[in-house]
Amino acid sequence: MKNIPHRIYLTEDQMPKQWYNLRADMKELPDPMLNPQTLKPIAEEDLYPIFCRELAHQELDNTTRYIDIPEEIQDFYKMYRPSPLIRAYELEKALGTPARIYYKFEGNNTSGSHKLNSAVAQVYYAKKQGLTSLTTETGAGQWGTALAEACAFFGLDLTVYMVKGSYDQKPFRKSIIQTFDANVIASPSDTTEAGRRILAENPGTTGSLGCAISEAVEKAVTTPNCRYVLGSVLNQVLLHQSIIGEETIKAMELIDEYPDIVIGCAGGGSNLGGLIGPFMKDKLQGKADPRIIAVEPASCPSLTRGRYAYDFCDTGKITPMARMYTLGSGFIPSPNHAGGLRYHGMSPILSKLYHDGYMEAVSVEQTRVFEAATFFAKKETILPAPESAHAIRAAIDEALKCKETGEAKTILFGLTGTGYFDMTAYSSYHEGTMTDYIPTDADLQRGFDALPVIPGVQE
Ligand SMILES: *Cc1c(COP(=O)(O)O)cnc(C)c1O
């Protein structure tokens, strides 16, 4: 094998010019999204009040395998991409593993995560359609930052509903978003019907992503020339994030490598869906058989303990219903859950692939996640986001298994971002006050009881 450099970069010329649409290669497609009023499959026009037209089209396009990335978006990507594929030599040495470990690092931009890959696309299409403002929600803050960056660049107004727990815990996140001129509101808020209703039912709530989504959607549909945009879960977001996997497979080709195991953290599933694209394609076409592992928090275990059912994508029950692994749209993780990855559902595409046996999932407790995060930081000199550290944990566990068996497997994981705004969580880990709350079956049952009833489909 060639001498492999620490960091493997593509040149600008080698950068992918198309996104990859995994649905085009799936043996069976995810079940159709349903209109919450009629309970019938959604038509593209049904989505126009919520998404701009091009994105509504991408959301429902199950057949176009490769979609050209508009030149303006390619140019924007070139400001912070290609992202490096890094060989984790020091981590390997420290673990004493024969495995070769690679990670694709998406933290080299101000949002601190992969979220900018889809933010720029969504803002570009909105601008092209002549929209003047956007709304969104943000949990940990990376998506709000990414979208604020893209809106500032293309000249659109933005209102960000930020989950109250994060808003209080991460004041500097708010300042960054404001630097890009966006309006940040703690959710639930009194600026929407949905927010007022949730506040009345549960005045002390620290909020949830689902609830912030409801507020952002309501604000969008009641504001002229405004649309709501979402940073994960949706098919269109996985499509935009496919840039991660397309770059990765090209970089691996340059060094004659191919992963035996592909690992990614999973909140709504966008980074994982993007990273695995070309490898899942090979798997679906029988050309290769890498193991693909989603890693989720034990405190928000949608794949490992959720139901595969139709559910709302938001707490306010405004958005279309999708069949996915879900904990119920009312599920709110315990307030002591530090990292992101707190969404109640999982991308319908990934849910289907998992349901059909193409993917595995594991859940990990947050203290073990932070143990992996600090170990990784000391060896590889990158302070990982807690979300990303879920993938690190699983990669380390797999590398340690290789140490036992003596197998020199190639492990690839997605390092989705940096953790500079998560120091409250890091501190509680250092101080030993971090705890692992794992929901009981009874806790989860409350969420399942609230799943929608769809006559003839789901009773
Ligand atoms: C948002 C985010 C995630 C999780 O979102 P997915 O849609 O599941 O990818 C993971 N890591 C970081 C750093 C994030 O910002």
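The rules behind each value
Residues numbered from 1 in each chain as written. Predicted model: local features only at pLDDT ≥ 70, side-chain atom pairs only at ≥ 80, totals over all residues. Heavy atoms only, no water. 1 Å grid on protein atoms, 1.4 Å probe; cavity = no way out; pocket = protein on both sides within 12 Å on 5 of 7 lines; lining within 4 Å. Points joined across faces, edges and corners; volume = space filled by probe spheres on them. Helix = DSSP H or I, 4+ residues; strand = E, 2+ residues; numbered from the N terminus. Contact = heavy atoms within 4.5 Å. Pairing = 2+ DSSP bridges. Axes fitted to C-alpha atoms, helices over the stretch in contact; angles between N-to-C directions. Near = heavy atom within 4 Å. Polar contact = N/O pair within 3.5 Å; in protein donor to acceptor, adjacent residues only side chain to side chain. Areas by Shrake-Rupley, 256 points an atom, 1.4 Å probe, with all protein chains shown as cover. Sits in = over half its atoms within 2 Å of the grid points. Nonpolar A, V, L, I, M, F, W, Y, C, P; charged D, E, K, R; others polar. Salt bridge = Lys/Arg side-chain N within 4 Å of Asp/Glu carboxyl O. Buried < 20%, exposed > 50% of the residue type's maximum accessible area, 1.4 Å probe, protein only. Lys, Arg positive; Asp, Glu negative; His and termini not counted.

A short note on the layout of surface pockets
So, point 1. Each pocket or cavity is described by its volume, and for the largest pocket that value is around 320 Å³.
So, point 2. For the largest pocket, the lining is made up of 22 residues, of which Q169, P335, H337, A338 and R342 are closest to its centre.
So, point 3. Of all the elements in the fold, those that place two or more residues in the lining of the largest pocket are α7 (164–169) and α17 (423–430).

Considering the environment of F421
So, point 1. Following the sequence through the fold, F421 ends up in the loop between β15 (410–415) and α17.
So, point 2. Along the chain, F421 and E45 lie 376 residues apart, while their C-alpha atoms are 39 Å from each other.
So, point 3. Discounting residues that sit within four places of it in the chain, F421 has contacts with K170, F172, R173 and I176.

Structural notes on the sheet that holds strand β9 (residues 226–228)
So, point 1. The parallel open sheet is built from 4 strands, whose spatial order is β8-β7-β6-β9. Among the strands making up the open sheet, the edge pair consists of β8 (183–187) and β9. Between one strand axis and the next, the sheet turns through 20 degrees on average, direction left out of account.
So, point 2. Here 6 bridges tie strand β6 (residues 133–138) to strand β7 (residues 157–163), and the two strands are oriented parallel to one another.

Focus on the site of the ligand
So, point 1. Taken together, 18 residues are adjacent to the ligand, and K115, S232, G267, S270 and T416 come closest.
So, point 2. A distance of 2.7 Å separates an oxygen atom of the ligand from a polar backbone atom of G267.
So, point 3. At 2.7 Å, a side-chain N or O of N271 approaches an oxygen atom of the ligand.
So, point 4. Taken by itself the ligand offers 390 Å² of open surface, and the protein chains cover 95% of this.
So, point 5. Mapping the ligand onto the cavity grids shows that it belongs to the largest cavity.
So, point 6. When residues of the shell around the ligand are traced back to their parent elements, those giving at least two are α12 (270–284) and α16 (386–405).
So, point 7. In terms of residue class, the shell around the ligand is made up of 4 nonpolar, 12 polar and 2 charged.

A word on the pattern of salt bridges
So, point 1. For the structure on display, the rule yields 25 salt bridges.
So, point 2. In this structure, D422 and K170 form a salt bridge, with 2.8 Å as the shortest nitrogen-oxygen distance. Here the residue D422 occupies a position in the loop between β15 and α17, and K170 occupies one in the loop between α7 and α8 (171–179), the gap between them amounting to 252 residues.
So, point 3. Each member of the salt-bridge network shares a partner with another, and the members are R81, K104, E106 and E247.

Observations concerning the sheet that holds strand β11 (residues 291–297)
So, point 1. The 7 strands lie next to each other as β1-β4-β5-β15-β10-β11-β14, forming an open sheet whose pairing is mixed. The sheet is open, and its two edges are formed by β1 (7–8) and β14 (360–364), each paired on a single side.
So, point 2. Contacting β10 (261–265), β11 and β15, α12 crosses the sheet at an angle of about 160 degrees to β10.
So, point 3. Relative to the sheet, helix α15 (residues 366–380) contacts β4 (85–87), β5 (100–105), β14 and β15, its axis offset from that of β14 by approximately 95 degrees.

Some details on empty space enclosed by the protein
Any space left empty among the atoms is revealed by the rolling of a water-sized probe across them.
So, point 1. Scanning the model with the defined rule gives 6 cavities of 30 Å³ or more in all.
So, point 2. Taken together, 32 residues line the largest cavity, and the ones lying closest to its centre are K115, L209, S232, G268 and L341.
So, point 3. Looking at side-chain class alone, the lining of the largest cavity contains 10 nonpolar, 18 polar and 4 charged residues.

Description of the side chain of D61
So, point 1. Looking at the secondary structure, you find D61 in the loop between α2 (53–60) and β3 (66–68).
So, point 2. The buried charged residue D61 lacks any salt bridge partner; its closest oppositely charged side chain belongs to R23, at an N-O distance of 6.1 Å.
So, point 3. Engagement of the side chain of D61 in a polar contact is seen with the side chain of T64, the distance being 2.7 Å.

Description of the pairing of β8
So, point 1. When you tally the buried positions in β8, you get 4 out of 5 residues, the bulk of the element.
So, point 2. As defined by bridge partners, β7 adjoins β8 across 5 bridges and the pair is classed as parallel. Considered in β8, the bridge of V160 is made with V184.

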